[in-house]
Structures are given as structure tokens and as C-alpha cells.
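# Report on the structure
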Amino acid sequence: MDRAERYAELKLEIESLVSGETYVPARYASAACLLAEAFRPRFFWTGFYVVDPQKPEELVVGPYQGTLGCLRIPFGKGVCGACAANGETQLVPDVHIFPGHIACDSRSNSEIVVPVFDADGKLAAVLDVDSTEFDAFDEVDREGLEAICKILLTA
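Residues numbered from 1 in each chain as written. Predicted model: local features only at pLDDT ≥ 70, side-chain atom pairs only at ≥ 80, totals over all residues. Heavy atoms only, no water.

### Describing the side chain of Ser110
Note the following rule: Helix and strand definitions follow DSSP, with helices as H or I runs of at least four residues and strands as E runs of at least two, each counted in order from the N terminus. Buried residues are those whose accessible area, probed at 1.4 Å on protein chains only, stays under 20% of the maximum for their type, while exposed residues exceed 50% and partly exposed ones sit between those limits. For the purposes of these results, a polar contact is taken to be a pair of N or O atoms within 3.5 Å, where, inside protein, one atom must be able to donate a hydrogen and its partner to accept one; residues adjacent in sequence count only when each atom of the pair is a side-chain atom. Residues are treated as being in contact if the distance between any of their heavy atoms lies within 4.5 Å.
Within the element layout of this structure, Ser110 appears in strand β5 (residues 110-117). Taking the relative accessible area as the measure of exposure, Ser110 reaches 0% and is therefore buried. A polar contact is formed between the side chain of Ser110 and the backbone oxygen of Glu133, at a distance of 2.6 Å. A polar atom in the side chain of Ser110 sits 3.3 Å from the backbone nitrogen of Ala136. Beyond its immediate sequence surroundings of up to four residues, Ser110 is in contact with Val92, Pro93, Val95, Val129, Asp130, Ser131, Glu133, Phe134, Asp135, Ala136 and Phe137.

Spelled out as C-alpha cells, the structure:
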């Protein structure tokens, strides 16, 4: 099975699993677990940074699989903050040359960050995936992860 097919299969599995689940952290935790397991070891860190309702210009670490994550990331700072600020997927082949990169774990070398919007179209979180490999992510990953994030809070 190629990666595109694996993403399509995971989207259906995640959608089925979270459908009707009212506790949002359970949705995030389930997706992070399934994605990390499906693409390990390429996915070194897989998880969510959630928009803090008390500080709406900050992301706070949510459910994840991997080493210790940064606790808070301001909008506009690093790869996750850039995604939160502009609402667009960030695909970064070499995090060491990304302006303002935040090194939560120095072993990370590439990253993809995808926005997660709620049913009203408001940014709720970002999905952050790091790899120890350089240039580990491509358009197949972008399309697959965006499709999963699109249904994560609306299924």
C-alpha cells in the first residue's frame, strides 16, 4: 500500500473512531496515536497544539506522541506559530533554516504543520509532525494530513 492509500485508510479509520465523540482531546489523542503508529519512525513527533481559549494568540501543547513538546507557542513564532497565524499548512524540509524555528527537540530536522478548523471555520489547533530526517514530508503528506484535519472536528 502506498502512502496516499494509507492516508485515505487512516482518514476513514479516524473518522469512524471520532464520529460522535464530544470530548475534543479524545479526538486529538486518537488521531495522534494512529498517525504516529502508521508512519513511525519517519514521524518522530506527532501531536496537536491547541489554541488556548484564555490566551487566543497562543498555542498550548495538546495530545501528542513523542518526546517532550514545547508547552506554549505564540502565533507567528516558529513553524507551528506561522501555521496558526496564517491558517495554512507549513511544509518545511529543513527546520534549521526556517526563520524563528523553535527547537523543542534538537533531533527534529523537518516538519509539517497543518491547521485544524472547527465546524464554524475557526482555528482550533494545529497538527505538528516532526521528523529526524531532512525533507521527510511532501505533497502526499500535505494532502493526506489536510484531509484528516478537515474531518477531525466535524465528523
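### Quick word on the packing of aromatic side chains
Stated precisely, the cut-off is as follows: Side-chain rings of Phe, Tyr and Trp (the six-membered ring for Trp) are treated as a pair once their centres are within 6.5 Å; stacked means planes under 30 degrees apart, edge-to-face means over 60, and tilted covers the remaining angles.
Scanning the entire structure with this criterion turns up six aromatic pairs. Counting every residue linked through ring pairs, the aromatic cluster contains Tyr7, Phe39, Phe43 and Phe137.

### What to know about the UniProt feature "domain: GAF" (unreviewed entry) in the protein chain
The criterion, for reference: UniProt positions are given in the numbering used here, feature names are shortened, and annotations may be inferred rather than shown by experiment.
In the numbering used here, UniProt assigns the feature "domain: GAF" (unreviewed entry) to residues 48-149. For residues 48-149, the helix share is 20%, the strand share is 38%, and the end-to-end C-alpha distance is 11 Å.

### Topic: empty space enclosed by the protein
Worth spelling out the cut-off: Here a cavity denotes a set of grid points, spaced 1 Å apart and computed over the protein atoms alone, in which a 1.4 Å probe fits but from which it cannot get out, and a pocket denotes an open set meeting protein on both sides within 12 Å along at least five of seven lines; residues with an atom within 4 Å of a point are reported as lining. Grid points are joined across faces, edges and corners, and a volume is the space filled by probe spheres set on the points. Under the grouping applied here, Gly and all other residues not named as nonpolar or charged are polar, the nonpolar ones being Ala, Val, Leu, Ile, Met, Phe, Trp, Tyr, Cys and Pro and the charged ones Asp, Glu, Lys and Arg.
Counted under the stated rule, the structure contains one cavity of 30 Å³ or more. Taken as a whole, the largest cavity holds about 150 Å³ of empty space. Lining the largest cavity are 20 residues, with Ile102, Cys104, Glu111, Asp128 and Asp130 sitting closest to its centre. If you list the elements that add at least two residues to the lining of the largest cavity, you get β1 (45-52), α3 (78-86) and β6 (123-131). In terms of residues, the lining of the largest cavity owes the most to one element, α3, which gives three residues. Here the residues of the lining of the largest cavity sort into ten nonpolar, five polar and five charged.

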